[in-house]
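Results of the structural survey
What follows is the residue order along each chain.
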Amino acid sequence: MQELRNQKHRISLILNGRARVGHAESRMLLSDFIRHELGATGTHVGCEHGVCGACTIQIDGVATRSCLCLAMQADGREVLTVEGLASEEGAMNTLQKAFQKHHALQCGFCTAGILMSCMDFLGRVSAPTEEEVRDMLSGHLCRCTGYTPIVQAVLDAAEQLKNENTETSDA
Amino acid sequence: MKPPLFEYRRVQSIAQATEWLHEQGDEARILAGGQSLVILLNMRLAQPGVLLDISGCAELDYVREQDGFVRVGASTTQARLQAWSGLDARLPLLAEAIPFISHYQIRNRGTVAGSIAHADPSAELALCLATLDGQVVLRSRKATRVLQAGDFQQGLLTTAKRSDELITEVRFPVAQPGCGYAFDEFSLRRGDFAIVACAAQASEDGIRIGVGGVADKPVVARWPRMGDDALRQHLNDLAWQLQAQDDQHATAAYRRQLVRQLGLKVIQAAQRRGNTQKD
């Protein structure tokens, strides 16, 4: 029985578009697996009980807390973290640029998680109201910015993404 | 804070889950969305020997309407129920309550049945199930039990589920014509645990008012239709019956006042909506 609990399992998943393999005990959290086993430390770990939002990533395109998910549960899934947002050459995406423009981060600890939530949110809600953005951001704690610049950045990014999409479809 | 050692098994079917539950007994815990259980594991408040993960079990992932109930399978996420096209018309109480459940990042993974199994006294879904007099379906290797919410919910993190049983489904009664529904809660910050949550159902026949966050489980009172003065008196009596306690979030007196205020607000809203439907 003890052996089964200590045993390390092979976990293979797609991390930011690349197939990756690592090993983990059953109890290993996905947040720790990504950081320590796969070396992708862009995802931050704060409270480890789902409140602060720093560890938010996407599993199969859906924003979720990586501290409330076991590494085993991500086996065979597509995981997207903050490292997957910029282009291969390092050019920031529309949302990241909006965060830079609006000074929507200071220390940056919460930012990786917020970006991953926002990407999922903006994919579902193309023209969000400020109220909707604030409701979505309620799942993230930021102690630097007072949230206002973050709200502005998200609304700005939503506007730009809408225009980009319109241009694509008109072309 | 990291979880203790445990064995992990991925559940493929109901039959497999009930077989493993029979074999493991108290050692086993069901893992669904993990939005309550993994917190307990991280804090080491739960130390199961074996986790049976039903999150990928397709047999348990559904929302369907049948025989006057909306039936929600045990691995169905709260986000999926929230996105269900029939929600506004068939379960208006839940349509209003679900946005209060934690944050959308949590609802994306947290399950409907998991929240009800966890039995936190301030949980919105457990309160809705109790107020609507819904049901919980429990399967063991050899038998199936269907319990009314009031029989299933027993207290703080305590339910009538036996260690060899799996919750396969929760059933919410479909909204009745001429009935109005309303939900509201008060918490310190958006998405926090409710200090007090209230759910109401009102029709010509009477009122049902459910209160969460005060007693050790959702408490539902059933009253005949009455005027506002009588309603205030009934709500005051109910507020005292709940035996509110002082804690770091609120005093007992503050909770009683919230029951009086929010209770009146949701009952009046439910009555208005019931009347509108009739006209």
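Parameters and conventions
- Residues numbered from 1 in each chain as written.
- Chains lettered and ligands numbered in written order.
- Predicted model: local features only at pLDDT ≥ 70, side-chain atom pairs only at ≥ 80, totals over all residues.
- Helix = DSSP H or I, 4+ residues; strand = E, 2+ residues; numbered from the N terminus.
- Rg over C-alpha atoms; globule rule 2.2 N^0.38 Å.
- Buried ≥ 20, exposed ≤ 12 C-beta atoms within 10 Å, placed from the backbone.
- Contact = placed C-beta atoms within 7 Å.
- Axes fitted to C-alpha atoms, helices over the stretch in contact; angles between N-to-C directions.
- Parallel < 35°, antiparallel > 145°, perpendicular 65-115°, else oblique.
- Left-handed = near helix turned anticlockwise from the far one by under 90°.
- Nonpolar A, V, L, I, M, F, W, Y, C, P; charged D, E, K, R; others polar.
- Core = buried A, V, L, I, M, F, W, Y, C linked by C-beta atoms within 7 Å.
- Pairing = 2+ DSSP bridges.
- Arc of directions from axis to C-beta.
- Domains from an automatic or database assignment.

**Examining the overall build of chain B**
A count of helical and extended segments in chain B gives 11 helices and 14 strands. Since a compact globule built from 279 residues should have a radius of gyration of about 19 Å, the 19 Å found for chain B is in line with a globular shape. With the principal axes as the frame, chain B shows a C-alpha extent of 55 × 45 × 30 Å. Every one of the 279 residues in chain B was classed for burial, and the buried ones make up 51%.

**Focus on the overall build of chain A**
Helix and strand content of chain A: 6 helices and 5 strands. In chain A, the succession of α and β elements from N to C terminus is α-β-β-α-β-β-β-α-α-α-α. In summary, chain A has a C-alpha radius of gyration of 17 Å against a globular reference of 16 Å for 171 residues, a match within 12%. By residue count, 44% of the 171 residues in chain A fall in the buried class. Taking as baseline every contact in chain A between residues at least 6 positions apart, the subset at least 24 positions apart corresponds to 59%.

**Details of the environment of Leu5(B)**
Position of Leu5(B) among the secondary structure elements: in the segment before β1 (7-10). You can call Leu5(B) partly exposed: it has 16 C-beta atoms within 10 Å. When residues no more than four places from it in sequence are discounted, the contact partners of Leu5(B) are Arg5(A), Asn6(A) and Arg27(A).

**Looking at the packing of helix α3 (residues 94-101) of chain A against helix α4 (residues 111-124) of chain A**
Any two packed helices are characterised by how steeply their axes cross, that is the angle between the axes, and by the distance between the axes. Residues and elements named next belong to chain A. Packing of α3 against α4 leaves a shortest axis separation of 10 Å and a crossing angle of 130°. When the axis of α3 is compared with that of α4, the two are oblique. For the pair α3 and α4, the crossing hand works out as right-handed. Listed contacts from α4 to Leu95, Gln96 and Phe99 of α3 are Thr111, Leu115, Cys118 and Met119. Within the contact of α3 with α4, the residues separate by chemical class into 5 nonpolar, 2 polar and no charged.

**Observations regarding the nonpolar core**
By size, the foremost hydrophobic cluster in this structure holds 132 residues, and its most contacted members are Ala71(A), Leu129(B), Val196(B) and Ala200(B). Tallying contributions element by element places α4(A) first for this core, with 8 residues. With sequence-adjacent residues up to four places away left out, Ala200(B) is seen in contact with Tyr181(B), Ala182(B), Ile207(B), Arg208(B), Ile209(B), Val266(B), Ile267(B) and Ala270(B).

**A closer look at the interface of chain A and chain B**
Quite often, the size of an interface is put as the accessible area lost when its parts meet. Counting residues at the interface gives 26 residues for chain A, matched by 25 residues for chain B. For the side of chain A that touches chain B, the elements supplying multiple residues, two or more each, are α1 (2-6), β4 (62-65) and α5 (130-137) of chain A. Looking at the side of chain A that touches chain B, the element that brings in the most residues is β4(A), giving 4 residues. Looking at the side of chain A that touches chain B residue by residue, the classes come out as 10 nonpolar, 11 polar and 5 charged.

**A look at the sheet that holds strand β1 (residues 8-15) of chain A**
All names here are of chain A. With respect to topology, 5 strands assemble into an open sheet ordered β2-β1-β5-β3-β4, the strand pairing being mixed. Only two strands of the sheet have a single neighbouring strand rather than two, namely β2 (18-25) and β4. Each neighbouring strand pair of the sheet contributes to a mean axis angle of 40°, computed without reference to strand direction. Running over the sheet, helix α2 (residues 30-37) touches β1 and β2 and is turned about 115° from β2. Contacts between α4 and the sheet are confined to β3 (56-59) and β4, with β3 contributing the most and set at about 40° to the helix.

**Side note on α3(A)**
At 3.6 residues per turn, the α-helix brings residues three or four places apart onto the same side. All names here are of chain A. Where α3 is concerned, the buried positions are Leu95, Gln96, Ala98 and Phe99. In a view along the axis of α3, the buried residues occupy a sector of 160°, so they form one face of it. Following α3 by one or two positions, His103 adopts a phi angle in the positive range, close to 55°.

**Observations concerning the sheet that holds strand β13 (residues 207-212) of chain B**
Residues and elements named next belong to chain B. If you trace the 4 strands from one edge of the open sheet to the other, you get β11-β12-β13-β14, paired in antiparallel fashion. Bordering the open sheet on either side are β11 (180-186) and β14 (219-223), each of which pairs with just one other strand. Pairwise comparison of adjacent strand axes, ignoring direction, gives a mean angle of 15° for this sheet. With 7 bridges joining them, β11 and strand β12 (residues 196-202) adopt antiparallel strand pairing. Paired with Phe186 across the bridge in β12 is Val196.

**Some words on the domain arrangement of chain A**
Residues and elements named next belong to chain A. In terms of domain boundaries, chain A breaks down into domain 1 (9-84) and domain 2 (94-170). Placing the centre of domain 1 and that of domain 2 at their C-alpha centroids yields a distance of 22 Å. Counting residues at the interface gives 15 residues for domain 1 and 12 residues for domain 2. Contributions of two or more residues to the side of domain 1 that touches domain 2 are made by β3 and β4. Per element, the largest residue contribution to the side of domain 1 that touches domain 2 is 3 residues, and it comes from β3. Taken together, the residues of the side of domain 1 that touches domain 2 break down into 7 nonpolar, 8 polar and no charged.

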